[in-house]
Number of protein chains: 2
Amino acid sequence: MVEQHIASAFDRDLEAIQAQIMKMGGLVEAAIMDAARALETRDEELAQQVRQGDKAIDGLEELINEEAARVIAIRAPAAVDLRLVLSVMKISGNLERIGDYAKNIAKRTAVLAQGPNVSESAAAMRRMAREVELMLKDALDSYIQRDVELAQDVIARDRDVDQMYNALFREFLTFMMEDPRNITPCMHLHFIAKNVERMGDHVTSIAEQVVYLVTGDKPEDDRQKADTTSSVPQEV
Amino acid sequence: MVEQHIASAFDRDLEAIQAQIMKMGGLVEAAIMDAARALETRDEELAQQVRQGDKAIDGLEELINEEAARVIAIRAPAAVDLRLVLSVMKISGNLERIGDYAKNIAKRTAVLAQGPNVSESAAAMRRMAREVELMLKDALDSYIQRDVELAQDVIARDRDVDQMYNALFREFLTFMMEDPRNITPCMHLHFIAKNVERMGDHVTSIAEQVVYLVTGDKPEDDRQKADTTSSVPQEV
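Residues numbered from 1 in each chain as written. Chains lettered and ligands numbered in written order. Predicted model: local features only at pLDDT ≥ 70, side-chain atom pairs only at ≥ 80, totals over all residues. Heavy atoms only, no water.

Engineer: Could you clarify how one ought to interpret the overall build of chain A in this entry?
Structural biologist: Along the backbone of chain A there are 6 helices and 0 strands. When the helices and strands of chain A are placed in sequence order, the string is α-α-α-α-α-α. Going through the 236 residues of chain A one by one, you find that 55% of them count as buried. On chain A, roughly 10200 Å² of surface is accessible, and the fraction owed to carbon and sulfur atoms is 49%. (Helix = DSSP H or I, 4+ residues; strand = E, 2+ residues; numbered from the N terminus. Buried < 20%, exposed > 50% of the residue type's maximum accessible area, 1.4 Å probe, protein only. Areas by Shrake-Rupley, 256 points an atom, 1.4 Å probe, with all protein chains shown as cover.)

Structure follows, in structure tokens:
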């Protein structure tokens, strides 16, 4: 009976933390889309909101880590339960980093908004951000429902994001070669694209956590990366 | 008496994990310097070694996390002791990411080695990498000795790294504007410089952990960033 009582107290604790994860996920999803929209519409005020909003995301990560540590200390969960609590800490870490990338995009947006419009790249970047946001939504759903199939679908979709990034990288190179005045804005745009691509990597990490939690299988260490720009030859 | 026994068992466990952290730190320090040397001397073989070596670093992170989880589960440490174990997991996470950046530099080195030498930037980058490596060495020493002063010194030195990065960023912009053929190699070099700068951020996180462990004070959320390139105006 005592054991029953302890188990359900642990479950209640875990559910409370998971609710905070979902709240954090909601804020991060909004930050991704707001950052992309601010970039496309050159909306400096919205960009400023994204930068301010990152504090709430960071605060939630801290809260979640403190709660998780408290649960570990009080309940001393073993094996599978411990794995669950540790996964919560990892996922909140991933969410915090995605929020940081959104903040970074918002910072660069303020600078880009002061110059001329370089290209239609902002729209392509919004589509890329939209894909990452949908992946994040599905990753968090797969986490709450312990749905391995959905998690694996998210992992597979990261290839699309990588391909969108590769296409943008080549586009920026072309713009820079066409006109030296494009060099500085394109450097910023390239960083923004890379940040969105990195967001996708962190969403994938969340999905991999789900696979690990449910199946006990560690995701492959060397999952194939589709960002091939590190091997783009010298002369394009 | 029983409590005494448990306490010293915890200490032994913690020391064993800290030894693994130091081993991991040694591998990461070597990876930083090897990656920078390979870039400067265009040594593709050394770059390949760095890429291969990252597996050992990743393996150590996994080992450390498993050990830490085992200690939490078996010893159920409270308060300060729990904070210590959690810090070990964070530090190993930072080290793993620094190793990833070194691997990424090595990947780009193989590509750059095939083209003409763009500039003397590789030497500047080696100096920057050397500074980060020294910071890492001191951060790990400050961790083992619980030396807050040394940790704060490391945090302060991150500004130098950020300034070195800013100088390189402007140099690359100039090269690209001078000659379009420099654009592609400079994009890679810029990524490499940014990776070294990010390594510095992760070293700083380790030092901040030390400050937190010893003083209980969370480092400031908005420590001043000296990477000002996100506010470089459109036309340089």
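Now that the structure is up, let's keep going.
Engineer: I keep staring at the packing of aromatic side chains and nothing clicks. Help me out?
Structural biologist: Think of a pair of aromatic rings as described by two things: how far the centres are apart, and how the planes are tilted against each other in angle. Residues and elements named next belong to chain A. Overall, the coordinates contain 3 aromatic pairs over all chains when judged by the stated rule. An angle of 40° between the planes, with centres 6.3 Å apart, marks the rings of tyrosine 165 and phenylalanine 169 as tilted. Note that tyrosine 165 and phenylalanine 169 are positioned in helix α5 (residues 148-178) at a spacing of 4 residues, about one turn of the helix. Residue class for phenylalanine 169 comes out buried when judged on its relative accessible area of 1%. (Phe/Tyr/Trp six-rings, centres within 6.5 Å; stacked < 30°, edge-to-face > 60°.)

Engineer: Help me out: how do you make sense of the pattern of salt bridges in this one?
Structural biologist: A side chain of one charge can pair with a side chain of the opposite charge if their charged atoms are brought near each other. Residue and element names in this part refer to chain A. In the structure shown here, the tally under the stated rule is 24 salt bridges over all chains. Residue glutamate 131 is joined to arginine 157 by a salt bridge in which the shortest nitrogen-to-oxygen separation is 3.4 Å. Taken as a pair, glutamate 131 in helix α4 (residues 121-144) and arginine 157 in helix α5 lie far apart in primary sequence, 26 residues in all. Here glutamate 131 and arginine 157 have matching classes, each one buried. (Salt bridge = Lys/Arg side-chain N within 4 Å of Asp/Glu carboxyl O.)

Engineer: Before we go on, may I ask you to explain the packing of α4(A) against α5(A) in this structure?
Structural biologist: Packed helices, taken two at a time, are described by the angle their axes make and the gap between the axes. Residue and element names in this part refer to chain A. Close contact between α4 and α5 brings their axes to 10 Å; oriented N to C, the two are set at 165°. When the axes of α4 and α5 are compared, the pair comes out roughly antiparallel. α4 and α5 meet at a crossing whose hand is left-handed. Contacts between α4 and α5 involve Ser121, Ala124, Met125, Met128, Glu131, Val132, Leu134, Met135, Asp138, Ala139, Asp141 and Ser142 from the first element and Leu150, Ala151, Val154, Arg157, Asp158, Val161, Met164, Tyr165, Leu168, Glu171, Phe172 and Phe175 from the second. The class makeup of the residues in the contact of α4 with α5 is 16 nonpolar, 2 polar and 6 charged. (Axes fitted to C-alpha atoms, helices over the stretch in contact; angles between N-to-C directions. Parallel < 35°, antiparallel > 145°, perpendicular 65-115°, else oblique. Left-handed = near helix turned anticlockwise from the far one by under 90°. Contact = heavy atoms within 4.5 Å. Nonpolar A, V, L, I, M, F, W, Y, C, P; charged D, E, K, R; others polar.)

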